[in-house]
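Okay, here's what each chain looks like letter by letter:
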Amino acid sequence: MPIRRPRTPPPALRHVAFLETMAGAPERTPLHEGAHATLLTLRLLDHWLALGSDFADPDMAAHRAARDAVTALRGDAEWRAALLSILNAVSSLQQPDAQPVLPRVYALGGLIERRGLLIEAGDIYETVARYVDSNVHLDLAFDAHMRRGFCLRNNGAFEWADQAYANAASLAARDRDRVRVIMARHGQAKVEWSRGNLPAADTAMEKLAAEAEELEASRVLAMVLHDRSGVAHDRDDLPRAIRLGYDAFIRTEDDFERERVLLDLANYLSVFGATDSANDALRALEISARSQDLRWSAQINLLALSARSGNEMMFQQYRRRLSEVLLPPRIRVEFLVNLGEACAQFGQLHEARQTYKQGLSIAEEIGANRRIFQIEEALVALEAQEEQKTAAHVAHAKRPARSAAPDDIATALRDLLSEVSGAAA
């Protein structure tokens, strides 16, 4: 006689991402301790919601273990404060009720995401999406699915990312919010982009841009145009990438987002060979960007621009300037990747290899998987170049032919640099 089994999902071990982070990070480092404290906090939340108010008692073993782990997290005050806010909310509420706690959990996800720990952030956003009452907190539910989709997409989990964006689209459609539907469908188009299906992504984004324009949703239109410029860049259509990037730049209203668009536009111009206009855009960011991270990114890209244009004096200037700064690990990896490529372009292949290896070591330490793959590919390419070409030939071959930006774009960027230079004087 066959055994009858209940039709329920098999039990799943939750928050495995944090166990994997602990396994990959040295003990007693902030990353290991932070992952441990987060794992215990999230599991306490699960148990409190599933099993009842006993888990809200600070003297209960599981609660005490979580609080002790969080209190011991002395190397990262911001992470500790975010976790304590969740534990304190559980203690204050006593009776299980996820809704008042979930905004704090979502904020923790944002903090972890900004650290570049996307797998871990995706786990936190999934927790929010699982427990949130979308009938009461539609905004939080929509945002949790969208951020989860972003994290999954950037970690190569494309099917799950597509589903997360589809869930967000369903919530928006239920609320008859066409703008949010566009945003979610845009996420799905970016999944196609990440999969390498550039024609499908381009076609989908073109339709979404037209709908956003019809709705006069200027912020969403600018966002879609920005990503269309990235797709055009990946399709090796640099003139179109530059035009779409500039269209996104002039439509973007948020100052921080506008600066990020300008950074991408500068990179398109740099690769295109329009070094003067690229230099104008990057110098403007170096002077006026509102965040220190973006100013550092502008300087890193000026270093890369100097290599593409063969300006060794400028290269040494930015290399020295950035080497003297204590950069955050994520920014330092970005610097070392670009420095390695620049060294290769100047024919300094041995130095390029050593620089890439430094970047790889830091990327592995902080769990920056995309950078790890990028550096490993660069090292393989570097080895092939050494075997096939002389260093001088490599340097020359990687430099784009000198070109010029369209007149209106060149003039606008020149005027922008003049404006911010005058304001800074």
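What comes next is a walk through the structure. (Residues numbered from 1 in each chain as written. Predicted model: local features only at pLDDT ≥ 70, side-chain atom pairs only at ≥ 80, totals over all residues. Heavy atoms only, no water.)

## Regarding the environment of Ala 344
Next up, step 1: In this fold, Ala 344 is placed in helix H17 (residues 329–345).
Next up, step 2: Accessibility expressed as a relative area gives 1% for Ala 344, which makes it buried.
Next up, step 3: Ala 344 sits 42 residues away from Glu 386 along the chain, and the two C-alpha atoms are 10.0 Å apart. (Helix = DSSP H or I, 4+ residues; strand = E, 2+ residues; numbered from the N terminus. Buried < 20%, exposed > 50% of the residue type's maximum accessible area, 1.4 Å probe, protein only.)

## So, unusual backbone geometry
Next up, step 1: For Arg 28, which is not a glycine, the phi torsion comes out positive at approximately 70 degrees.
Next up, step 2: With respect to the secondary-structure elements, Arg 28 resides in the loop between helix H1 (16–24) and helix H2 (30–51).
Next up, step 3: A positive phi is found at Glu 216, a non-glycine position, where the angle reads about 55 degrees.
Next up, step 4: By the element assignment, Glu 216 lies in the loop between helix H10 (198–214) and helix H11 (218–234).
Next up, step 5: Taking the relative accessible area as the measure of exposure, Glu 216 reaches 72% and is therefore exposed.

## A word on the pattern of salt bridges
Next up, step 1: Overall, the coordinates contain 22 salt bridges when judged by the stated rule.
Next up, step 2: A salt bridge links Asp 255 to Arg 290, with the shortest nitrogen-to-oxygen separation between them at 3.5 Å. Residue Asp 255 is located in helix H13 (residues 255–272), and its partner Arg 290 is located in the loop between helix H14 (275–288) and helix H15 (292–309); the two are separated by 35 residues in the primary sequence.
Next up, step 3: With a relative accessible area of 37%, Asp 255 lands in the partly exposed category.
Next up, step 4: Linking Arg 283 and Glu 286 is a salt bridge whose minimum nitrogen-to-oxygen distance equals 3.8 Å. Highlighted residues: Arg 283 and Glu 286, both in helix H14, separated by 3 residues, approximately one helical turn.
Next up, step 5: Its relative accessible area of 13% is what places Glu 286 among the buried residues.
Next up, step 6: Beyond isolated ion pairs, a larger network of salt bridges with shared partners links Arg 14, Asp 46, Glu 126 and Arg 130. (Salt bridge = Lys/Arg side-chain N within 4 Å of Asp/Glu carboxyl O.)

## Some details on the packing of H11 against helix H12 (residues 238–251)
Next up, step 1: For the pair H11 and H12, interaxial distance at closest approach is 8 Å and the crossing angle is 160 degrees. Classified by the angle their axes make, H11 and H12 are roughly antiparallel. For H11 against H12, the interelement crossing comes out left-handed. Contact residues: Ser 218, Leu 221, Ala 222, Leu 225, His 226, Arg 228, Ser 229, Ala 232 and His 233 in H11; Leu 238, Arg 240, Ala 241, Leu 244, Gly 245, Asp 247, Ala 248 and Arg 251 in H12.
Next up, step 2: Among the residues forming the contact of H11 with H12, the class breakdown is 8 nonpolar, 5 polar and 4 charged. (Axes fitted to C-alpha atoms, helices over the stretch in contact; angles between N-to-C directions. Parallel < 35°, antiparallel > 145°, perpendicular 65-115°, else oblique. Left-handed = near helix turned anticlockwise from the far one by under 90°. Contact = heavy atoms within 4.5 Å. Nonpolar A, V, L, I, M, F, W, Y, C, P; charged D, E, K, R; others polar.)

## Remarks on H11
Next up, step 1: With 17 residues, H11 should reach 24 Å at 1.5 Å per residue; the first-to-last C-alpha distance of 25 Å fits that figure.
Next up, step 2: Among the 17 residues in H11, 12 count as buried, and that is most of the element.
Next up, step 3: Listing the buried residues of H11 in full gives Val 220, Leu 221, Ala 222, Val 224, Leu 225, His 226, Asp 227, Arg 228, Ser 229, Gly 230, Val 231 and Ala 232.
Next up, step 4: On its buried face, H11 is in contact with helix H9 (178–195), H10, H12 and H13.
Next up, step 5: Phi for Asp 236, located one or two positions after H11, is positive at around 65 degrees. (Expected span 1.5 Å × (residues − 1).)

## Looking at the packing of aromatic side chains
Each aromatic ring pair is summarised here by two numbers: the centre-to-centre distance and the angle between the ring planes.
Next up, step 1: Inspection of every chain in the model, using the stated rule, returns 3 aromatic pairs.
Next up, step 2: When the centroid spacing of 5.3 Å and the interplanar angle of 50 degrees are considered together, the rings of Tyr 106 and Tyr 125 count as tilted. With Tyr 106 in helix H5 (residues 98–114) and Tyr 125 in helix H6 (residues 118–131), this pair connects stretches of sequence that are 19 residues apart.
Next up, step 3: Owing to a relative accessible area of 22%, Tyr 106 belongs among the partly exposed residues under this scheme.
Next up, step 4: Overall, Tyr 125 belongs to the buried group, its relative accessible area being 1%.
Next up, step 5: Plain terms: the ring middles of Phe 315 and Phe 346 are 4.9 Å apart, the flat faces sit at 40 degrees to each other, and that makes the pair tilted. Here the residue Phe 315 occupies a position in helix H16 (residues 312–323), and Phe 346 occupies one in the loop between H17 and helix H18 (349–366), the gap between them amounting to 31 residues. Accessibility classification places Phe 315 together with Phe 346 in one group, the buried group.
Next up, step 6: In this structure, Arg 180 packs its charged tip against the face of Phe 142, placed 4.9 Å from the ring centre.
Next up, step 7: Sitting over the face of the ring of Phe 249, Arg 258 holds its NZ or CZ atom 4.0 Å from the ring centroid. (Phe/Tyr/Trp six-rings, centres within 6.5 Å; stacked < 30°, edge-to-face > 60°. Lys NZ or Arg CZ within 6 Å of the ring centre and 35° of its normal.)

## Some words on the nonpolar core
Next up, step 1: Leu 262, Leu 269, Leu 303 and Phe 335 are the most contacted members of the largest nonpolar core, which totals 90 residues.
Next up, step 2: Residues Leu 42, Ala 89, Leu 118 and Leu 138 belong to the second largest nonpolar core, which totals 46 residues. (Core = buried A, V, L, I, M, F, W, Y, C linked by side-chain atoms within 4.5 Å.)

## Some details on the side chain of Asp 46
Next up, step 1: Topologically, Asp 46 is positioned in helix H2.
Next up, step 2: For Asp 46, a relative accessible area of 8% puts it in the buried group.
Next up, step 3: Here the side chain of Asp 46 touches His 15 through a polar contact of 2.7 Å, side chain to side chain. (Polar contact = N/O pair within 3.5 Å; in protein donor to acceptor, adjacent residues only side chain to side chain.)

## A short note on the packing of helix H4 (residues 77–93) against H5
Helices that pack against each other are described as a pair by the angle of their axes relative to one another and the distance between those axes.
Next up, step 1: Two elements in contact, H4 and H5, have axes separated by 10 Å at closest approach and are oriented at 165 degrees. Relative to H5, H4 is oriented roughly antiparallel. Taken as a pair, H4 and H5 cross one another with a handedness that is left-handed. Within the contact between the two elements, H4 uses Glu 78, Trp 79, Ala 82, Leu 83, Ser 85, Ile 86, Ala 89 and Leu 93 and H5 uses Pro 100, Val 101, Arg 104, Val 105, Leu 108, Leu 111, Ile 112 and Arg 114.
Next up, step 2: Classifying every residue of the contact of H4 with H5 gives 12 nonpolar, 1 polar and 3 charged.

## So, the environment of His 47
Next up, step 1: Tracing the chain through its elements places His 47 in helix H2.
Next up, step 2: The exposure class of His 47 is partly exposed, given its relative accessible area of 35%.
Next up, step 3: Taking the C-alpha atoms as reference, His 47 lies 9.1 Å from Ala 62; in sequence the two are 15 residues apart.
Next up, step 4: Among all residues touching His 47, those that are not within four sequence positions of it are Gly 52 and Phe 55.

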